[in-house]
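Single-letter residue listing:
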Amino acid sequence: MLDLDSPNCERLTVAEAIAVCMGALDRLGYEPDDARIITDHLVDSALCGYTFAGLPRILAIASNPKAKEPRQRIQAVFETPASSLIDGGNNVGYLAAHCGAMAAIEKAKFCGLSAVGVYNSYYSGRAAYYVEKIVNAGLIAIHASSAQPKVIPPGSAEPILGTNPICFGFPSRSGPVIFDAGTAAIMGGELSVHALLGEVLPAGVAFDVHGRPTCDPKEALRGGVAPFAGHKGFGLSLSVQALGLLAGAALARGTVRDYGFFFLAIDPAIMGPMQSFEEQLARLVDEIKCSRKQPGVDDIRIPFERARRERNRRQEEGIVIDRKIMGEIRALGARAA
């Protein structure tokens, strides 16, 4: 088994995981079509091995203050043949960013490239989920997501930037090559799961409300986290926040520290024959994997390779989730009913 069974965990089939998500989202007031979009994202994240980005995110969706505010229709407020600015209508990012990714595909297919921004939203989940859809359409993708303050810049004592992931994706003959990385030392979803399960944080990743280092996840939720790799992560986080502003982050509430989802999609054919790019990238991947290895190393792993492999295995073996988290999800459904 890929994941070990224990008395503290439950093993769900894919069908059971889908049913759990759909049931909880129904009780939270989501229409079936919207619930299916969110569920597909959460279950796929669990299959790919990102536990914190899987079913536990239902709890984060339910507890976010924006979830209590009215939702409006997702719609484009500015548009050109190659670009779109989309008002997410205070819908969760799993829906609003999905709309943005689909718009990026459609426009890039028509124009050769596209830029799409989405604002007035929150929580969009794994960036790689959207980028994989764009890549599977034969396009190169860059996706950046700014968020509300959680990251404390070097030298500061308060959170200023979001955890701000950035993701790159490329089509190749050997399958999608996708690199997805948060710019924080620990992502918000991981922090919430640590707090729920009472797990101690690694040293050096979090701060309390006074800006002092802490290993207590509950204190970190009230304080903030560090950027990864010091000033390098801070620079990337700031860059992502700037792309979030380009995506309209400040338009909904007038703050420059809010959610903004930016998509750039490129048809490789605008730079020459598409087949050449996909074959050349596959060749590059092969040369990396076949390169001379350090002693004791059997394989060199390409970004997204692990996620694809684990997704295939968990389709057969099922998804393991902590019983305490499952209890919280079931209780959430009961409270919302």
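Shown above is the structure to which this text applies.
Fair warning: this is a prediction, and the values are worked out from it, not measured in the lab. (Residues numbered from 1 in each chain as written. Predicted model: local features only at pLDDT ≥ 70, side-chain atom pairs only at ≥ 80, totals over all residues. Heavy atoms only, no water.)

Turning our eyes to something else, we now look at the sheet that holds strand β10 (residues 260-266). Pairing is mixed across the open sheet formed by 7 strands, whose spatial order is β2-β3-β4-β10-β5-β6-β7. Both edges of this open sheet fall to β2 (75-80) and β7 (177-181), since each of them pairs with a single strand only. Recorded for the sheet is a direction-independent mean angle of 10 degrees between the axes of neighbouring strands. Relative to β10, strand β5 (residues 140-146) runs antiparallel, the two sharing 7 bridges. (Pairing = 2+ DSSP bridges. Helix = DSSP H or I, 4+ residues; strand = E, 2+ residues; numbered from the N terminus. Axes fitted to C-alpha atoms, helices over the stretch in contact; angles between N-to-C directions.)

Let us look at the state of the cysteines. Throughout the structure, instances matching the rule amount to 0 disulfides. Summary of cysteine pairing: Cys9 is not part of a disulfide, and the nearest cysteine sulfur, belonging to Cys21, is at 17 Å. (Disulfide = S-S within 2.5 Å.)

What follows concerns the pairing of β2. For β2 and strand β3 (residues 83-92), the ladder comprises 5 bridges, and the chain directions are antiparallel. Residue pairing across strands places Gln75 opposite Asp87, the latter belonging to β3. Taking the residues between adjacent antiparallel strands as the criterion, β2 and β3 are bridged by 2 residues.

To continue, consider the pattern of salt bridges. For the coordinates displayed, the defined rule picks out 20 salt bridges. A salt bridge links Arg306 to Glu310; the shortest N-O distance between them is 3.0 Å. Taken together, the positions of Arg306 and Glu310, both in helix α10 (residues 305-317) and 4 residues apart, correspond to about one turn of that helix. The exposure class assigned to Glu310 is buried, which follows from its relative accessible area of 13%. Three or more residues are tied together by salt bridges with common partners; here these are Asp3, Arg306, Glu310 and Arg314. (Salt bridge = Lys/Arg side-chain N within 4 Å of Asp/Glu carboxyl O. Buried < 20%, exposed > 50% of the residue type's maximum accessible area, 1.4 Å probe, protein only.)

So far we have only geometry, and geometry alone does not tell us how the molecule works.
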